[in-house]
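Fold and contact review
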Amino acid sequence: NSQGVVQKTIQFSEEVEGYPVSLDVSGGFLAASTSMSFLKIWNVSKSTPKQLGATRKFEGFAQQPLGEIRSVRVNKDGTRVSLLVDQRLNAQGVPAENGTLKVPDARIFVYDTDSDNFLEYQVGQSSVPVAHFWDSTDARLLCCEVVPQALAYSEKP
């Protein structure tokens, strides 16, 4: 039977949070990003999924958007979530929500649930991260695959 059976459902408010665009499960934890740049994390190891903390908007200190989330990965104990991001640029090459050019960001972001902050790491000059994975035994180790790319967004020259 290829139809499957619904075991549990997780609700999203499409008007406020948007619809899910990226999901990852690791060690009993589920992370999801939405079309409106929200991040949610659940403990799914019990019979009923339990959301960890509040839904978090992917934005910086002055509530400026940090980009469009392309991919999420959660570590084995649910304390950190790594994110790959795209930027929308306007004709001048400046990030803009209504920008027409979508380019990969040269940074990888990590959301730390303990400090409730987004950390950012530059992966290199004219390089972009294309894949990221947390170690299955040590929750502190993050692996990132990087490829050269001429057209990549970087805040630093």
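Here, the structure is the one placed above.
**Examining the overall build of the protein chain**
A tally of helices and strands in the protein chain yields 0 helices and 11 strands. Taken from N to C terminus, the helices and strands of the protein chain fall in the order β-β-β-β-β-β-β-β-β-β-β. Against the globule reference of 15 Å for 157 residues, the protein chain gives a C-alpha radius of gyration of 16 Å, in line with a compact fold. The dimensions of the protein chain, computed from C-alpha atoms along their principal axes, are 50 × 40 × 35 Å. Across the 157 residues that make up the protein chain, the buried fraction comes to 38%. If you take every contact in the protein chain between residues at least 6 apart in sequence, the share linking residues at least 24 apart comes to 42%. As displayed, the protein chain offers around 9,300 Å² of accessible surface, 51% of which is attributable to carbon and sulfur atoms.

**A few points about the layout of surface pockets**
Its volume calculated, the largest pocket comes out at about 740 Å³. Around the largest pocket, the lining comprises 34 residues; the ones closest to its centre are Phe58, Pro65, Leu66, Gly67 and Glu68. Sorting the residues of the lining of the largest pocket by element identifies strand E5 (56-57), strand E6 (68-74), strand E7 (80-89), strand E8 (101-112) and strand E9 (117-122) as the ones contributing at least two each. Top element by residues in the lining of the largest pocket is E9. It accounts for 4 residues. Residue composition of the lining of the largest pocket, grouped by class: 12 nonpolar, 9 polar and 13 charged.

**A look at the packing of aromatic side chains**
Applying the stated criterion across every chain, the model contains 4 aromatic pairs. For the pair Phe58 and Phe109, a centre-to-centre distance of 5.1 Å together with 90° between the ring planes defines the contact as edge-to-face. Here Phe58 is found in the loop between E5 and E6, whereas its partner Phe109 is found in strand E8, with 51 residues between them in sequence. For the pair formed by Phe58 and Phe109, the shared burial category is buried. Plain terms: the ring middles of Phe58 and Phe118 are 5.0 Å apart, the flat faces sit at 80° to each other, and that makes the pair edge-to-face. Of the two residues, Phe58 is situated in the loop between E5 and E6 and Phe118 in strand E9; the sequence distance between them amounts to 60 residues. Taken as a pair, Phe58 and Phe118 share a single burial class, namely buried.

**Here we look at the pairing of strand E1 (residues 20-26)**
With 6 bridges joining them, E1 and strand E2 (residues 29-34) adopt antiparallel strand pairing. Its bridge partner lying in E2, Asp24 is registered against Ala31. Counting the residues between successive antiparallel strands, the hairpin from E1 to E2 contains 2 residues, one of them, Gly27, with a positive phi of roughly 55°.

**Here's the deal with the nonpolar core**
Ranked by size, the top nonpolar core spans 15 residues in total, and within it Leu39, Phe58, Val72, Val81, Leu83, Tyr111 and Phe118 carry the most contacts. Every element with two or more residues in this core is listed here: E2, strand E3 (38-43), E6, E7 and E8. Setting aside residues up to four positions removed in sequence, Tyr111 forms contacts with Leu39, Ile41, Arg56, Thr79, Arg80, Val81, Leu83, Asp116, Asn117 and Phe118.

**A closer look at the sheet that holds E6**
The 4 strands lie next to each other as E6-E7-E8-E9, forming an open sheet whose pairing is antiparallel. Either end of the sheet is taken by a strand with one partner, and the two such strands are E6 and E9. In this sheet, adjacent strand axes meet at a mean angle of 30° when their direction is disregarded. One ladder, built from 6 bridges, connects E6 with E7; its direction is antiparallel.

Analysis parameters
- Residues numbered from 1 in each chain as written.
- Predicted model: local features only at pLDDT ≥ 70, side-chain atom pairs only at ≥ 80, totals over all residues.
- Heavy atoms only, no water.
- Helix = DSSP H or I, 4+ residues; strand = E, 2+ residues; numbered from the N terminus.
- Rg over C-alpha atoms; globule rule 2.2 N^0.38 Å.
- Buried < 20%, exposed > 50% of the residue type's maximum accessible area, 1.4 Å probe, protein only.
- Contact = heavy atoms within 4.5 Å.
- Areas by Shrake-Rupley, 256 points an atom, 1.4 Å probe, with all protein chains shown as cover.
- 1 Å grid on protein atoms, 1.4 Å probe; cavity = no way out; pocket = protein on both sides within 12 Å on 5 of 7 lines; lining within 4 Å.
- Points joined across faces, edges and corners; volume = space filled by probe spheres on them.
- Nonpolar A, V, L, I, M, F, W, Y, C, P; charged D, E, K, R; others polar.
- Phe/Tyr/Trp six-rings, centres within 6.5 Å; stacked < 30°, edge-to-face > 60°.
- Pairing = 2+ DSSP bridges.
- Core = buried A, V, L, I, M, F, W, Y, C linked by side-chain atoms within 4.5 Å.
- Axes fitted to C-alpha atoms, helices over the stretch in contact; angles between N-to-C directions.

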